[in-house]
Amino acid sequence: MESKKKKKKKDKKKKRKRQKNKKEKDFDDEVSEAIKRQEAEEKEADRIKDERKRGYNSLKGIDAKAPTEAEMEAFYKRRKRADDPMMNF
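Remember, it's a predicted structure, so these values are computed and weren't measured experimentally.

Calculation notes
Residues numbered from 1 in each chain as written. Predicted model: local features only at pLDDT ≥ 70, side-chain atom pairs only at ≥ 80, totals over all residues. Heavy atoms only, no water. Core = buried A, V, L, I, M, F, W, Y, C linked by side-chain atoms within 4.5 Å. Buried < 20%, exposed > 50% of the residue type's maximum accessible area, 1.4 Å probe, protein only. Helix = DSSP H or I, 4+ residues; strand = E, 2+ residues; numbered from the N terminus. Contact = heavy atoms within 4.5 Å. Polar contact = N/O pair within 3.5 Å; in protein donor to acceptor, adjacent residues only side chain to side chain. Patch = residues over 30% accessible without salt bridge, like charges linked within 9 Å, V, L, I, M, F, W, Y side chains within 5 Å. Areas by Shrake-Rupley, 256 points an atom, 1.4 Å probe, with all protein chains shown as cover. Salt bridge = Lys/Arg side-chain N within 4 Å of Asp/Glu carboxyl O. Lys, Arg positive; Asp, Glu negative; His and termini not counted. Charge placed at Lys NZ, Arg CZ, Asp CG, Glu CD.

## Brief notes about the nonpolar core
Turning to step 1, where the next piece is worked out: Grouped together as the largest cluster of nonpolar side chains are 5 residues: V31, A34, I35, A70 and A74.
Turning to step 2, where the next piece is worked out: Secondary-structure elements contributing two or more residues to this core are α1 (2-47) and α2 (69-78).
Turning to step 3, where the next piece is worked out: Ranked by residues supplied to this core, first place goes to α1 with 3 residues.
Turning to step 4, where the next piece is worked out: Discounting chain neighbours no more than four positions away, the residues touching A34 are A70, E71 and A74.

And the structure:
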C-alpha cells in the first residue's frame, strides 16, 4: 500500500518539475520575442528620426500599457552598461 503512495508522490514531483521547466522555456521564448520587438521598434524609430516626416496623429496607435516581465528582462539584457569593465574587449 505504501509503495503506491510513494509512487504517486514521485510522479507528482516529476510532473511539477516538468511543468516548471516548460514554464522557464516559455519565459525564455517570451524574452527572445520581446528582444526582437524592441529591435524592430528601434529600427522604426531610426527610420523616422525627423519629426517632420512623422505622420499626422501617428502617436494615436501607440498603446500605453505597463511592460510585462519578459519585456523588462529583454530591456535589462539589451541595456548597455557604462560601468562594465569588459565592455571594450
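Now that the structure has been shown, the text picks up again.
## Quick notes on the side chain of Q38
Turning to step 1, where the next piece is worked out: Residue position: Q38 is located in helix α1.
Turning to step 2, where the next piece is worked out: Within the local environment of Q38, its side chain forms a polar contact with the backbone oxygen of E71, the two atoms lying 3.4 Å apart.
Turning to step 3, where the next piece is worked out: Sequence-distant contacts of Q38, defined by excluding residues within four places in its chain, comprise E71, A74, F75 and R78.

## A word on a positive patch on the surface
Turning to step 1, where the next piece is worked out: There is a patch of like positive charges on the surface, built from K4, K8, K9, K12, K13, R16 and K17.
Turning to step 2, where the next piece is worked out: Residue position: K17 is located in helix α1.

## Describing the pattern of salt bridges
Turning to step 1, where the next piece is worked out: All chains considered together, the criterion is met by 2 salt bridges.
Turning to step 2, where the next piece is worked out: Of the charged contacts in the structure, one is a salt bridge between E71 and R37, with a shortest N-O distance of 3.7 Å. Of this pair, E71 sits in helix α2 while R37 sits in helix α1, and the two are 34 residues apart along the sequence.
Turning to step 3, where the next piece is worked out: The salt bridge partner of R78 is E42, with a shortest N-O separation of 3.2 Å. With R78 in helix α2 and E42 in helix α1, the pair connects residues that are 36 residues apart, well separated along the chain.
Turning to step 4, where the next piece is worked out: Given the relative accessible area of 43%, E42 is considered partly exposed.

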